[in-house]
Number of protein chains: 2
Amino acid sequence: MKTKKNNHTDTICAVDYAFQRIGGKHKGRVIYQLRNGIKRYGELRRLVTGITAKMLTQVLRELEDDELITRTVYLEVPPRVEYELTDTGRELLPFIRLLADWGKQQMEKEIIAE
Amino acid sequence: MKTKKNNHTDTICAVDYAFQRIGGKHKGRVIYQLRNGIKRYGELRRLVTGITAKMLTQVLRELEDDELITRTVYLEVPPRVEYELTDTGRELLPFIRLLADWGKQQMEKEIIAE
DNA sequence: TACTATAGATACCAATTGGAAACTATTATT
DNA sequence: AATAATAGTTTCCAATTGGTATCTATAGTA
């Protein structure tokens, strides 16, 4: 789900709008991993399992364009880059938690059903 | 986001799991439009703006496979088919509402910023 | 007889998304 | 001199997703 430079204005429905900003395969998980504060690129790479470098970078850039996270580059060698949720991004946490709770319940149900 | 016949079991993360079930371009809005009870296919077609017949059918089938909605066919002519949220689907409503609220706020902010 | 309504199916095509592998730059370490 | 660490980029390819247009069935209506 590509979000092209904050062009959500053509959307009318708030639900649709929200999905455009946090949809996509990994965005939810990246936001979730930033829930307790700053994380470095490499940490996210390890925490968000199954993601490739390319995708992680892409997702982070989209979230940054959407002003849900900030990106801070330290001019060191080797390089250090830190990511953090913005206020707007943090507003999404309650909802991600709700979703995670629901997901957990459902996963448990599925295991029982097997 | 294709959900192939309830194969969410390979997922470990609850957030990821949840996104697999309600991600995709239109799923959120379809669920949202079913919030007040039964809707017919044609009603959804009109309510979920910008969706094609093919996509609506596809989304509805996926939601059905995932047991988030039920599908009831009446053998009449012309045909009548009704869709309704299951209990599991209804559990998602608070979260969709939260998301909608957030989206609405953000959209208002964007308008002000222009 | 032709048209309408309803809920799709189907075939084909285009765009988007995601992934693998190789490559970059610089400093410190072995 | 080779290797490791970090945060990427680039290219190419495959899979997924979404869209357009056309077609189906049946009864009632004009």
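As shown above, the structure is provided for reference.
Now for a quick tour of the structure.

Parameters at a glance
- Residues numbered from 1 in each chain as written.
- Chains lettered and ligands numbered in written order.
- Predicted model: local features only at pLDDT ≥ 70, side-chain atom pairs only at ≥ 80, totals over all residues.
- Heavy atoms only, no water.
- Pairing = 2+ DSSP bridges.
- Helix = DSSP H or I, 4+ residues; strand = E, 2+ residues; numbered from the N terminus.
- Contact = heavy atoms within 4.5 Å.
- Axes fitted to C-alpha atoms, helices over the stretch in contact; angles between N-to-C directions.
- Buried area = accessible area lost by both parts, 1.4 Å probe.
- Salt bridge = Lys/Arg side-chain N within 4 Å of Asp/Glu carboxyl O.
- Polar contact = N/O pair within 3.5 Å; in protein donor to acceptor, adjacent residues only side chain to side chain.
- Least-squares fit on C-alpha atoms with pLDDT ≥ 70 in both.
- Parallel < 35°, antiparallel > 145°, perpendicular 65-115°, else oblique.
- Left-handed = near helix turned anticlockwise from the far one by under 90°.
- Nonpolar A, V, L, I, M, F, W, Y, C, P; charged D, E, K, R; others polar.

**Re the sheet that holds strand β2 (residues 69-74) of chain A**
Residues and elements named next belong to chain A. A sheet is described by the order of its strands in space; here three strands give the open sequence β1-β3-β2, paired in antiparallel fashion. Edge strands, defined here as strands with exactly one partner in the open sheet, are β1 (39-40) and β2. Here β2 pairs with strand β3 (residues 80-85) via six bridges, running antiparallel. Counted as the bridge partner of Ile69 is Leu85 from β3. Along the sheet, helix α4 (residues 53-65) makes contact with β2 and β3, crossing β2 at roughly 115 degrees.

**Some thoughts on the sheet that holds strand β1 (residues 39-40) of chain B**
Residue and element names in this part refer to chain B. Pairing in this open sheet of three strands is antiparallel, and the strands run β1-β3-β2 from one edge to the other. The sheet is open, and its two edges are formed by β1 and β2 (69-74), each paired on a single side. Pairing between β1 and strand β3 (residues 80-85): two bridges, direction antiparallel. Paired with Lys39 across the two strands is Tyr83, which belongs to β3. Packing of helix α4 (residues 53-65) onto the sheet brings it into contact with β2 and β3, and relative to β2 it is tilted by some 115 degrees.

**What to know about the interface of chain A and chain B**
Reports often express the size of an interface as the amount of accessible area lost when the parts come together. In this assembly, 40 residues from chain A lie in contact with 40 residues from chain B. Where chain A abuts chain B, roughly 3,500 Å² becomes buried across the two surfaces, and 72% of that area is made up of carbon and sulfur atoms. With its nearest N and O atoms 3.5 Å apart, the salt bridge here joins B:Arg29 to A:Asp16. Counting every contact that joins chain A to chain B gives one residue pair in polar contact (both at pLDDT 80 or more).

**Things to note about the relation of the copies chain A and chain B**
Between chain A and chain B, which share one sequence, the superposing operator has a rotation angle of 180 degrees and an axial displacement of 0.0 Å; the RMSD is 0.0 Å. The relationship between the two copies is best expressed as a two-fold rotation axis. Of the residues that chain A buries at the interface, 100% are likewise interface residues in chain B, meaning the two copies contact each other through the same surface.

**Some details on the packing of helix α6 (residues 93-113) of chain A against helix α6 (residues 93-113) of chain B**
Angle between the axes and distance between the axes: these two values describe a pair of packed helices. Packing of α6(A) against α6(B) brings their axes to within 10 Å, and their N-to-C directions diverge by 160 degrees. In terms of their interaxial angle, α6(A) and α6(B) are classed as roughly antiparallel. Our pair here, α6(A) against α6(B), has a crossing hand that is left-handed. Contacts from A:Phe95, A:Leu98 and A:Leu99 of α6(A) reach α6(B) at B:Phe95, B:Leu98 and B:Leu99. Its residues assigned to classes, the contact of α6(A) with α6(B) comprises six nonpolar, no polar and no charged.

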